[in-house]
Amino acid sequence: MPAPERIPPRRMSVTAVDLITKGELTVRGRIREASNAVLYCAVSYEGEEALCVYKPVAGEQPLWDFPDGTLAQREVAAYEISEVTGWGLVPPTVLRDGPYGEGMCQLWIEADESDTAPQLLALVEEEPAEGWKAIGFAEVGEGRTALLVHADDPRLRRLAVLDAVINNGDRKGGHLLPEAGGRLYAIDHGVTFNVDDKLRTLLWGWAGEPLPAEAVTVLDRLADELAEGTPLTTRLAELITPAEIEAVRSRVQQMRRTGRHPKPSGQWPAIPWPPV
């Protein structure tokens, strides 16, 4: 697929959510690196246009450990949780009908790939320098290994908290999309919300460390918003199972109780492969 063209940013008269929910989708290509069907689209509504990703449910591969609902629904649920945190880490994401049936539609984020973009992940030959957190060793060829590290970046730390809440089973480096203005987005949340501990991520650098005050405040807010009958739980009930909603509550309460970032459970590979 050719490189995506930019649509110059401008002030929109409709919200991004309205645009991707109500707009007309035009498929422009397919992102073939993905394991499921991911279509690159333009969306237009009331004179506004943007780029987006459309993942039809019909293109999902069945997963034995995610038998309920759809991956598309889980992606939308991750967005709903992200919005309640106030961190806005997940791009606007909705469930809607499209050219190939119901699917997830998400606003396209143009990542900053310039030479001046802050580095978030790296391979180093020795102990990480100040400002970096160690993840683990990775093979780099010819029997050599290097230490995989991530930046000690507050944006990544927020994402580590969000991933723990939604039980993200696949947080890879390629899912991190820093914008030129400094904002960080994260994508690909199809394998989330399992009732079993599936947390698998590159963001283990804070494992076991005390949560920052900001995260504690967010978890307190989430606990309130996850009570029975709230708008959030009403919306989540349309997307994931009652047991999965209860598991979200349990994970939030566990982090509030310990006041620390979770550690790998040891019952599931802690780092996704390939890591990017």
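Student: Before we go on, may I ask you to explain the side chain of D112 in this structure?
Tutor: Following the sequence through the fold, D112 ends up in the loop between β5 (101-107) and β6 (121-124). In this structure, D112 is in contact with A117, P178, E179 and A180, ignoring residues within four places of it in sequence.

Student: Please clarify how the packing of aromatic side chains should be interpreted in this entry.
Tutor: We describe a pair of aromatic rings using the distance from one ring centre to the other and the angle between the two ring planes. Within the structure shown, the criterion is met by one aromatic pair. For the ring pair Y40 and W108, a centre distance of 5.0 Å and an interplane angle of 65° mean the geometry is edge-to-face. Note that Y40 is positioned in strand β2 (residues 39-45) and W108 in the loop between β5 and β6, a separation of 68 residues in sequence. Judged by its relative accessible area of 22%, W108 falls in the partly exposed class.

Student: Looking at this structure, how should I read the nonpolar core?
Tutor: Across soluble globular proteins, you tend to see nonpolar side chains buried next to one another. In terms of nonpolar packing, the biggest core is built from 44 residues, with I81, V165 and L222 touching the most fellow members. Breaking this core down by element, the ones donating at least two residues are α2 (71-85), α3 (154-166), β10 (184-186), α4 (213-225), α5 (231-236) and α6 (242-258). Ranked by residues supplied to this core, first place goes to α3 with eight residues. Those residues in contact with V165 that sit more than four places away from it in its chain are I81, L219, L222, V248, R251, V252 and M255. If you look at the next biggest cluster of nonpolar residues, it comprises 14 residues, including A16, L19, L25 and Y54.

Student: Before we go on, may I ask you to explain the packing of α3 against α4 in this structure?
Tutor: Between two packed helices, what matters for the description is the angle formed by their axes and the separation of those axes. With their axes 11 Å apart at the nearest point, α3 and α4 run at an angle of 30° to one another. What the angle tells us is that α3 and α4 run roughly parallel. Viewed along their axes, α3 and α4 form a crossing whose handedness is right-handed. Residues R158, V161 and V165 of α3 touch α4, and the partners they reach there are E214, A215, L219 and L222. In terms of residue class, the contact of α3 with α4 is built from five nonpolar, no polar and two charged.

Student: What is the right way to look at the pattern of salt bridges in this model?
Tutor: Where charged atoms from two side chains of opposite charge approach closely, those side chains can pair. For the coordinates displayed, the defined rule picks out 17 salt bridges. Between R158 and E214 there is a salt bridge, with its nearest N and O atoms 2.8 Å apart. Of the two residues, R158 is situated in helix α3 and E214 in helix α4; the sequence distance between them amounts to 56 residues. Residue E214 is classed as partly exposed on the basis of its relative accessible area, which comes to 34%. Note that R256 and D220 form a salt bridge whose closest N and O atoms lie 2.8 Å from each other. Remark: D220 occurs in helix α4 and R256 occurs in helix α6; sequence separation between them is 36 residues. Salt bridges sharing partners connect three or more residues here, namely K55, E75 and D188.

Student: Quick question: what am I supposed to make of the environment of A227 here?
Tutor: One can find A227 in the loop between α4 and α5. Assessed through its relative accessible area of 34%, A227 is described here as partly exposed. Sequence separation between A227 and K198 is 29 residues; the distance between their C-alpha atoms is 24 Å. Those residues in contact with A227 that sit more than four places away from it in its chain are T233 and R249.

Student: Got a minute to help me understand the packing of α2 against α3 in this structure?
Tutor: Between α2 and α3, the least distance of the axes is 11 Å, while the angle of their chain directions is 130°. The pairing of α2 with α3 is recorded here as oblique in orientation. Considering only the axes of α2 and α3, their crossing is right-handed. Contacts between α2 and α3 involve A78, I81, S82 and T85 on the former and, on the latter, L162, V165 and I166.

Reading the values: the criteria
In this numbering scheme, every chain counts its residues from 1 along its sequence in written order. In keeping with the predicted nature of the model, local features appear solely for residues at pLDDT of at least 70, side-chain atom pairs appear and are counted solely at 80 or more, and the whole-chain, interface and lining totals rest on all residues. Neither water nor hydrogens contribute to the side-chain values; these are computed over all heavy atoms in the structure. Numbering of helices and strands runs from the N terminus, with a helix taken as a DSSP run of H or I at least four residues long and a strand as a DSSP run of E at least two residues long. Contacts: residue pairs with any heavy atoms within 4.5 Å of one another. Two rings belonging to Phe, Tyr or Trp (six-membered ring only in the last case) form a pair when the distance between their centres is within 6.5 Å. Interplanar angles under 30 degrees mark stacking, angles over 60 mark edge-to-face geometry, and anything in between is tilted. Partly exposed residues are those whose accessible area sits between 20% and 50% of the maximum for their type, while under 20% is buried and over 50% is exposed, using a 1.4 Å probe and protein chains only. Here, the term nonpolar core denotes a set of buried Ala, Val, Leu, Ile, Met, Phe, Trp, Tyr and Cys residues that are joined through side-chain atoms within 4.5 Å. Axis definition: a line fitted to C-alpha atoms, over the contacting stretch in the case of helices. Angles run 0 to 180 degrees between N-to-C directions. Comment on the angle field: the value is read as roughly parallel under 35 degrees, roughly antiparallel over 145, roughly perpendicular from 65 to 115, and oblique elsewhere. Left-handed describes a crossing in which the near helix is turned anticlockwise from the far one by less than a right angle; the clockwise case is right-handed. Residues were grouped as follows: Ala, Val, Leu, Ile, Met, Phe, Trp, Tyr, Cys and Pro as nonpolar; Asp, Glu, Lys and Arg as charged; and all remaining residues, including Gly, as polar. What makes a salt bridge here is a side-chain nitrogen of Lys or Arg within 4 Å of a carboxyl oxygen of Asp or Glu, nothing more.

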